[in-house]
Amino acid sequence: LLKIFALPEAYLLYGPGEDPVAVWRAVSERGLEADPVSREVMYRDYSGLPLQRYRDLAQRYLPYTGDLARCVDSTPVDNDLLVIHARGVFFGENTIPLSDGANKLNPHHPPCTLYEKLVNTYGFKRVTVVHGGETEHPCLFDSVAGHPIKPWFDGFRERHPLVEFRAMPRSHSLESLIADICVVLSAAHLAHSYSTFSQNLAIVSRRARHLYGLSSMGNEGLFPRPCQRSGGLVQTRIHQYETPPDGFNGTRAAVLDRFWNYPKRLIKLVGECGGESLPALPSLPEPTAQPQTPPTAQPEPPTTSAASAPTPATAPTASPAAKPPTDGGTDARAALLECPEVAQGIMACPVDWQPKEESLLLWQNGAGTGNKMHFLVFQMAYVEEQKLRLANFSTLIKGYRGVFLQIFALPQAVLFYGPGEDPAAVWRAVSETGLRADPVRDERIYADYCGKPIQRYRDLARRYLPLTSDLAECIASTPVDDEMLVIHARGVFFGENTIPLSGWADKLNTHHPPCTLYDKLVNQYGFKRVTVVHGGETEHPCFFDSVAGQPIKPWFDGFRERHPEVTFQAMPLSKSAQALITDICVVLSATHLAHSYSTFSQNLGVLSRRARHL
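The present account deals with the structure reproduced in this document. (Residues numbered from 1 in each chain as written. Predicted model: local features only at pLDDT ≥ 70, side-chain atom pairs only at ≥ 80, totals over all residues. Heavy atoms only, no water.)

A few words now on a nonpolar patch on the surface. Taken together, the side chains of Val-37, Met-42, Tyr-43 and Tyr-46 define a hydrophobic patch exposed on the protein surface, amounting to about 430 Å² of accessible area. Counting through the fold element by element, Tyr-46 comes out in helix 2 (residues 39-46). (Patch = residues over 30% accessible without salt bridge, like charges linked within 9 Å, V, L, I, M, F, W, Y side chains within 5 Å. Areas by Shrake-Rupley, 256 points an atom, 1.4 Å probe, with all protein chains shown as cover. Salt bridge = Lys/Arg side-chain N within 4 Å of Asp/Glu carboxyl O. Helix = DSSP H or I, 4+ residues; strand = E, 2+ residues; numbered from the N terminus.)

With that settled, the discussion passes to the state of the cysteines. Here, the word disulfide means a covalent bond between the sulfur atoms of two cysteines. According to the stated counting rule, one finds five disulfides in the structure shown. Put simply, Cys-339 and Cys-349 are joined by a disulfide, and their sulfur atoms are 2.1 Å apart. Of note, the bridge from Cys-339 to Cys-349 carries an S-S torsion of about 115° and is right-handed in sense. Of this pair, Cys-339 sits in the loop between strand 9 (268-273) and strand 10 (341-343) while Cys-349 sits in strand 11 (residues 346-350), and the two are ten residues apart along the sequence. On the basis of relative accessibility, which here comes to 1%, the residue Cys-339 falls in the buried class. The disulfide partner of Cys-515 is Cys-542, and the gap between their sulfur atoms is 2.1 Å. Taking the sign of the S-S torsion, -105° for the link of Cys-515 and Cys-542, the bridge is left-handed. Highlighted residues: Cys-515 in helix 18 (residues 515-525) and Cys-542 in the loop between strand 17 (529-536) and strand 18 (546-547), separated in sequence by 27 residues. (Disulfide = S-S within 2.5 Å. Buried < 20%, exposed > 50% of the residue type's maximum accessible area, 1.4 Å probe, protein only.)

Once that is clear, we can look at the packing of aromatic side chains. Per the stated rule, a full pass over the model turns up 21 aromatic pairs. Aromatic pair Phe-124 and Tyr-212: ring centres 6.4 Å apart, planes at 80°, arrangement edge-to-face. On the criterion of sequence distance, the pair formed by Phe-124 in the loop between helix 5 (112-122) and strand 2 (126-133) and Tyr-212 in strand 7 (residues 210-214) is long-range, its members being 88 residues apart. The exposure class of Phe-124 is buried, given its relative accessible area of 2%. Take Tyr-212: its relative accessible area is 0%, and that puts it in the buried class. (Phe/Tyr/Trp six-rings, centres within 6.5 Å; stacked < 30°, edge-to-face > 60°.)

Another aspect to go through is helix 5. Most of helix 5 sits inside the fold, with ten of its eleven residues counted as buried. Residues of helix 5 that are buried include every one of Cys-112, Thr-113, Leu-114, Tyr-115, Glu-116, Lys-117, Leu-118, Val-119, Thr-121 and Tyr-122, and no others. One or two positions beyond helix 5, positive phi appears at Gly-123, with a value near 70°.

Summed over the entire model, instances satisfying the criterion amount to 18 salt bridges. Arg-70 is the partner of Asp-67 in a salt bridge, and the nearest nitrogen-oxygen pair spans 2.6 Å. With Asp-67 and Arg-70 both in helix 4 (residues 66-73) and three residues apart, this pair spans about one turn of that helix. Here Asp-67 matches Arg-70 in class, with each residue exposed. Of the charged contacts in the structure, one is a salt bridge between Glu-483 and Lys-528, with a shortest N-O distance of 3.3 Å. Of the two residues, Glu-483 sits in the loop between helix 17 (469-476) and strand 16 (484-491) while Lys-528 sits in the loop between helix 18 and strand 17, which places them 45 residues apart along the sequence. On the accessibility criterion, Glu-483 (33% relative accessible area) is partly exposed. Lys-528 sits in the partly exposed class, given a relative accessible area of 43%. Connected through shared salt-bridge partners, Asp-481, Glu-483, Lys-528 and Arg-529 make up one network.

It is worth spelling out the sheet that holds strand 11 at this point. Spatially, six strands are ordered 10-11-14-13-12-15 in an open sheet, and the strand pairing comes out mixed. Each edge of the open sheet carries a strand with a single partner, namely strand 10 and strand 15 (436-437). With four bridges joining them, strand 12 (residues 356-361) and strand 13 (residues 388-392) adopt parallel strand pairing. Counted as the bridge partner of Lys-356 is Leu-388 from strand 13. (Pairing = 2+ DSSP bridges.)

If you want it as structure tokens, here you go:
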């Protein structure tokens, strides 16, 4: 430990106005009463510290030794390198109990295929594996039960000839350990294991910008559901993956099979948090896009507490680069420019995978406009991840007649073609021979895809839901206004006397924002203009002018009196198609949008190319 951290004999804490030398002199002369706290109390009360608080303490009180600091400082920042910590695990004679600690082979350890998924997804050009522990790591095994086998990482190297691969030598020498620690602390991108060693180094590191690991860490270590329980880190983004142990048992054969062959398609990104100041890191599943170049690590900032962030006094302004004069696009198919027509209404989209000769007939969904949108996006996520050749929109177009087709310029079908394929020739072959129908059911689409990361959802929505030319031109002709708050206030349904408060979005329940939220936003950010878009079954309560037949003063009338400096506009409540298109134009033109408990405004907020703050 003392080869890693330059620990002092003691830390003396002194407060405002105190002279540290005088304080130490007094302490040396008198001594101090010993605090009687027990180790059990420490663990009980402090093991759940927020991660940023833990990092602040670790970076303050665990300074690197001079040798280690020089090693880290002399290592260039490499944003194309993924460093993997693969903890060695212990095997028994025949079967292994899987619940008795981090040094046993259990489902909290990432499978080898997670590392391949990360390389496929983010396009890392270099991979370095740091491994230690009681034994060799299964991804590096060259024999099992005395029989030689091909190590998993050898196969990885063959599948990725362009990726430079290095495995640090496994040794229990002190020099080897320090070299491993230097590699881990120098990493901008680190895949940690089920190990307090790599988890602690990730926290104390001043270089780490992206951490990758499993969310199912039980209650051990520093990462028991870090986004949900521990609040994330200010300067580091945590990416949590999940590997459900379906059909998993404790035999050596089953355990090794899980390590080596766990399906990459089942490894789901289930949570991300922290690192809000970092450039966005795309999180696209393997089949859907070319590998992405990871972001450049930022200069090492001074450590600050998340609690010390100032409260904004004025409305956050969208950067000039984020608001070109024709933001939203005048081309009706701006989102599908990379997908030219190969036949009337048939869009051919290039992909970096080889499509299989199957098609999906997209189902219609009879719910409202918002539900139609997310059902379509979920289905396109399935099409891409299953690498299907064709997505057939014809049934949707028949079922979504009317307003939906005045919003989106849907194609008849989307055809996918892979590297080296000629889209015209592919379409000719599909037209002549047909395709096998994929049999997936809509229930599975909802179950598997409703939890996709929002950025992934946005990428899909923008690609496959191009706006009609009329709507795109309306947005393009609307000036960007960073001092306007657009509010979507969904009308709610009232029964005869009382309303149950646990129904869906069209019931009056606690998921709807109170009117006073809008007052708070104007007070906090200083918006100078407010526009309210409202629709649904009835008027919105913030506009009620009577209750039970008794006239009342609408809440928004009081708002206008309290804020005479704010220009207020309420769009007319109407169920006409033209009024709806006008409302959608207002929402999609907004830089600042307060959405309601409604898939309508939530979908538009995600789809929008103007929205900067939701």
